[in-house]
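Below are the chains, spelled out letter by letter.
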Amino acid sequence: MSSDHVTVSEADAAAPQDDALARFYPQLSAVAGADAEAVALGERYWALGGFDKTFDPPSALWVEKTTALCAEYGVPNSRMYVHAAAGVRAVLPAFHCPSCDQPLSLRSRQNLVKLLLGDAPERCVDCDQELIKAVGRETTAAARQKRQSAHQAARRHGQAIQAQQQWKAAQTAYLAQRCAVDMTSAPDWHALNNISVRTEAAALAALRYAPSVTPIPPMDAWPAPLAPLDEVTPELLRDCDNAGFFAIHPDSSLAAFVWTPTFEEAVAEAGGDLSGLAQPTWSRYYLSLICRYVPGGPSVGTAAKNLDEHLLGQLNPARLTLDRRTELLELVQGLIAWETRRYFDFQLEEHNLPPIPENHEARFDEVARRLAAARSLAECYHIAWTMARAAAATAQAKQFAPKANMTTHAVNLFEDKASQAIANSGLYFKPYREDTRVPLSALTRTVFINLLHAEPMSTTLADAHLIISTMAAEADLTDDDDGPYTEYARTISRLDPEFDLHAIYAVLGRESSNDDPMIAAAATNLVLVVEDMRIVARDLRLSLAAAVSSCRLLTTRTLVPDPQGESDDTTSQPVGLYLARLMHQAAVALGRE
């Protein structure tokens, strides 16, 4: 080993007092003529913090990792030992070079590891001519300039990464401030007007079938889609957001928003000055990518539970107006059609056929909707599967025909078979089961299972209509419905006996001719009650009061017009309540005269 070296310092050369391992601590000396940067790099490369004695043999604990030094100095990991040799020598006086018999200078950290393992010493740095040549190449002015350029590039890259991290932190802070969770307000869900059945059902489906409601995760985290078709889901989410059912949760991914400016735009606007970037803001977001929560309180979970209860009450088929009942039936028909389209698309893919051409989509959807009005989803599945399979068989027989033509052929077959199924209700189609590879959407399950209490695959539109009508007819009186009867009877019983009470009696006579047979029959029976009571009590006023009280027993529901005459809408309510209110109105009007 050459003796042309300068001692770095006595402190660096001093090894810790450890009899067993003291000989493995290298003594560092600077190479004569080496620049200060090379010496500093060598010192850091060979800085040994001690040994981990839990291993056998002990493991060297270096103060700095090689990868960190490489990143800082812009040096390849595989060449770090060469650059260290250009600045210092790491000598182990207790070992000698097998070539020159001088105290051993280590070529790399790996040499020390081998000595700890008990391997024989390898030749020293100065005896390795290839290493000396490599050191010479690395110490030229061109090599030094190249390293400096690489070091500057690495520093700029690090600054850019730090600026991006700060940018993301600013985005996160802005999102947390703008979309802070609202647990203080108490939304009055009943005050919401003109919210469609479809929107309310979608919100209920989100609460019932999302993996979590604290918060509701993005759509890609759901086990099944919200709606059968991808293009319908964003519409439903937007409607739910606009209705105020959901708000953006600050845990949403930053990628769910359209930021202005972007990081690149901010850097360009700042002229490359990473310290002077503008504040990030967002103006739009992707409906399917954000996290949502139900605003209100006292907690996110409680607010979601309260909204669930409200929506379930709003969508109770027994309480729906005629218009909202029609909306629900239209939704049922739409869901059967959409699920059919989704299953048909899946079968096309399974049979290696391309998607439905854009110019044929409207035709397929229109046919599917007409089919959904006549057949169950199980039967629609049957038609979709058999027609897709038939088209695939044709494609196999005519391999030179364009695949897109075979998909059009499948649409044509579906249209023909659907027309037959619609025209001939007696035509049998084997009902298919739900395909677990294409699970029914959350909205479909909510409407059929949670609202109609029906099996989604086998329930037809006609079945749904009958279910809704039956639920309305069999609904029990609520506490609110039962309350007015005593009040109405008391109002009539307190009328002046001198009043002409036949105006109240005439209400029953008029309603006994109502076009609704249930109302007509109930009014006719109440006329008989009044007549019987007149015979016993000989008092028309008390007889009418008794008839009003008897109305509480007429619990069968039917669609009736607004008794106040303030709206053209019809509502579902007990026949007795409807007649009692009419008699009460006549009594009040009589008292005002």
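The rules behind these values
Residues numbered from 1 in each chain as written. Predicted model: local features only at pLDDT ≥ 70, side-chain atom pairs only at ≥ 80, totals over all residues. Heavy atoms only, no water. Helix = DSSP H or I, 4+ residues; strand = E, 2+ residues; numbered from the N terminus. Rg over C-alpha atoms; globule rule 2.2 N^0.38 Å. Buried < 20%, exposed > 50% of the residue type's maximum accessible area, 1.4 Å probe, protein only. Contact = heavy atoms within 4.5 Å. Areas by Shrake-Rupley, 256 points an atom, 1.4 Å probe, with all protein chains shown as cover. Lys, Arg positive; Asp, Glu negative; His and termini not counted. Charge placed at Lys NZ, Arg CZ, Asp CG, Glu CD. Core = buried A, V, L, I, M, F, W, Y, C linked by side-chain atoms within 4.5 Å. pLDDT = per-residue confidence, 0-100. Pairing = 2+ DSSP bridges. Polar contact = N/O pair within 3.5 Å; in protein donor to acceptor, adjacent residues only side chain to side chain. Arc of directions from axis to C-beta. Axes fitted to C-alpha atoms, helices over the stretch in contact; angles between N-to-C directions. Parallel < 35°, antiparallel > 145°, perpendicular 65-115°, else oblique. Left-handed = near helix turned anticlockwise from the far one by under 90°. Nonpolar A, V, L, I, M, F, W, Y, C, P; charged D, E, K, R; others polar.

It is worth spelling out the overall build of the chain at this point. Along its length, the chain carries 23 helices and twelve strands. Relative to a compact globule of 593 residues, whose C-alpha radius of gyration would be 25 Å, the chain shows 42 Å and is clearly more extended. Each principal axis of the C-alpha distribution contributes one length, and for the chain these read about 135 × 70 × 55 Å. Expressed as a percentage of the 593 residues in the chain, the buried residues total 43%. Counting only contacts in the chain whose residues sit at least 6 apart along the sequence, the fraction spanning at least 24 positions is 71%. Carbon and sulfur atoms provide 51% of the accessible area of the chain, an area that totals close to 29700 Å². When the 52 basic and 74 acidic side-chain charges of the chain are each reduced to a single mean position, those positions are 6 Å apart.

This paragraph deals with unusual backbone geometry. In the segment running from Asp56 into Pro57, the intervening peptide bond is cis, with an omega of 0°. Structurally, Pro57 is set in the loop between strand S3 (48-52) and strand S4 (59-62). In this structure, Pro215 follows Thr214 across a cis peptide bond, with omega equal to 5°. Turning to its location among the elements, Pro215 is positioned in the loop between helix H8 (197-209) and helix H9 (232-243). A positive phi angle, close to 60°, is found at Asn352, a residue other than glycine. By the secondary structure assignment, Asn352 is in the loop between helix H12 (322-350) and helix H13 (358-372). Of the residues examined, Asn352 reaches a relative accessible area of 60% and is grouped as exposed. Within the chain, His453 stands out as a residue other than glycine whose phi angle is a positive 55°.

With that settled, the discussion passes to the nonpolar core. Counting residues in hydrophobic clusters, the biggest one holds 80 residues, and the most contacted among them are Phe245, Phe246, Phe344, Phe414 and Val447. Residues within four places of Phe414 in sequence aside, it is in contact with Thr340, Phe344, Phe364, Val367, Ala368, Leu371, Ile383, Ala384 and Met387.

In this section: the confidence of the model for the chain. The predicted model of the chain has a mean per-residue pLDDT of 87, with 93% of residues at 70 or higher. Counting contacts from residues 1-17, a segment whose pLDDT is below 50, to residues more than four positions away or on other chains yields 29 contacts. Long-range and interchain partners of residues 476-481, a stretch whose pLDDT sits below 50, account for ten contacts in this model, where long-range means more than four residues apart.

Further remarks concern the side chain of Asp241. Following the sequence through the fold, Asp241 ends up in helix H9. Residue classification places Asp241 among the buried residues on the basis of a relative accessible area of 15%. Residues contacting Asp241, with those up to four places away along its chain left out, are Phe246, Tyr285, Leu287 and Arg292.

Further remarks concern the pairing of S4. Sheet topology note: the S3/S4 ladder contains four bridges and is antiparallel. Bridging across to S4, Leu48 finds its partner in Trp62.

With respect to the helices and strands, the residue Ser441 is situated in the loop between helix H15 (403-423) and helix H16 (442-451). Its relative accessible area of 0% is what places Ser441 among the buried residues. Of note is the side chain of Ser441, whose polar atom sits 2.9 Å from the side chain of Thr444. When neighbours within four sequence positions are excluded, Ser441 is seen to be in contact with Pro225, Leu226, Ala227, Pro228, Glu339 and Arg342.

We now examine helix H20 (residues 502-511). Within the sequence span of H20, burial applies to Ile504, Tyr505, Val507, Leu508 and Glu511. Seen from one end, H20 has its buried residues packed into an arc of 140°, which puts them on one side.

A word on the packing of H12 against helix H14 (residues 377-397). Running from N to C, H12 and H14 point in directions that differ by 25°, and their axes come no closer than 9 Å. Classified by the interaxial angle, the pair formed by H12 and H14 is roughly parallel. Judged by the sense of rotation from one axis to the other, the crossing of H12 with H14 is right-handed. Seen from H12, the contacting residues are Ile336, Glu339, Thr340, Tyr343, Phe344, Gln347 and Leu348; seen from H14, they are Leu377, Cys380, Tyr381, Ala384, Trp385 and Ala388. Tallied by class, residues from the contact of H12 with H14 come to ten nonpolar, two polar and one charged.

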